[in-house]
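# Results of the structural survey
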Amino acid sequence: MNTAPHSARRTLCAACLRPQQTCICRWVTALPNQVEVLILQHPMEVSNAKGSARLLHLSLSNSRLEVGEAFEPRHLQSLLSPERRNVLLYPDTERKSEPFDAAWLNEPLRLVVLDGTWRKSRKMLYLNPLLQTLPRLPLRDTPPSHYLIRKAHLPDQLSTLEATVYALAQLENDINKYNPLIDAFDGFVAQQASYVKRSV
């Protein structure tokens, strides 16, 4: 029996780690981000076809993606090395961490992003006390989400890619710099939506 077609479907792209037939590399949009981005991805998001973190990571030249839920403290400390000031992309809540200071915009910054569902990201924050100490950057007055393929927990909730891009635009004071990546994200969403339609 000829198994070539089945094997081809299972062959993964070395860059986006998806099957060749559903590769998303066509949407990768290379952009040089000044603020470093550290993406901490929950393990359950790695194989989620609707996830946007991999596309984000492949598009940002100054980014790093680490997978885990409860990170080994010394490893996490090394990821948050002190040559840059770390800021956690997370909503304002009652906390003991230092509030974000606009004066930091003149310093080298690292934006720390939690990639997971709302519940999983809260758990990651709980399991990693070091993350709880980071100053937080909440997003405000963002455009409506283009992420129509995944149910949002809150009306203004964004995908990891969208939230990170809008945060970078805010931190780098350049509202249009990352528009090409948002445009590419629209293509990614349309591609994923087409697979859903075919399966109905």
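These remarks concern the structure in this document. Remember, it's a predicted structure, so these values are computed and weren't measured experimentally. (Residues numbered from 1 in each chain as written. Predicted model: local features only at pLDDT ≥ 70, side-chain atom pairs only at ≥ 80, totals over all residues. Heavy atoms only, no water.)

## Here's the deal with helix α4 (residues 118-127)
For clarity, the cut-off: For every residue, the accessible area (1.4 Å probe, protein chains only) is compared with the maximum for its type, and the residue is labelled buried under 20%, exposed over 50%, or partly exposed between those bounds. Starting at the N terminus, helices and strands are each numbered in turn, a helix being any DSSP run of H or I of at least four residues and a strand any DSSP run of E of at least two. The arc in question is formed by the directions pointing from the helix axis toward the C-beta atoms. Contacts between residues were defined by any pair of non-hydrogen atoms, one from each residue, lying within 4.5 Å.
Buried residues of α4: Ser121, Met124 and Leu125, and no others. An end-on view of α4 places all buried positions within 100 degrees of arc, on one side of the element. Opposite the buried face of α4, by more than 90 degrees, sit the exposed residues Arg119 and Tyr126. Where α4 is buried, its residues contact β1 (36-41), β3 (85-88), β4 (109-115) and α5 (129-132).

## What about the environment of Ala193?
In this structure, Ala193 sits in helix α7 (residues 179-199). Separated by 143 residues in the primary sequence, Ala193 and Lys50 place their C-alpha atoms 9.1 Å from one another.

## A look at the sheet that holds β1
The line we're drawing: Pairing between strands requires that DSSP locate at least two bridges from one strand to the other. Under this scheme, a helix contributes an axis fitted over its contacting stretch, all axes are lines through C-alpha atoms, and angles between N-to-C directions fall in the 0 to 180 degree range.
What the four strands build is an open sheet, ordered β2-β1-β4-β3; its pairing is parallel. If you trace the sheet from one side to the other, it starts and ends with β2 (63-67) and β3, each paired once. The sheet shows a mean angle of 20 degrees between the axes of neighbouring strands, direction not considered. Note that β1 and β4 share six bridges and pair parallel. Its bridge partner being in β4, Val37 is matched across the sheet by Leu111. Along the sheet, α4 makes contact with β1, β3 and β4, crossing β4 at roughly 125 degrees. Together, β1 and β4 form the strand contacts of helix α6 (residues 160-171), whose direction differs from that of β4 by roughly 165 degrees.

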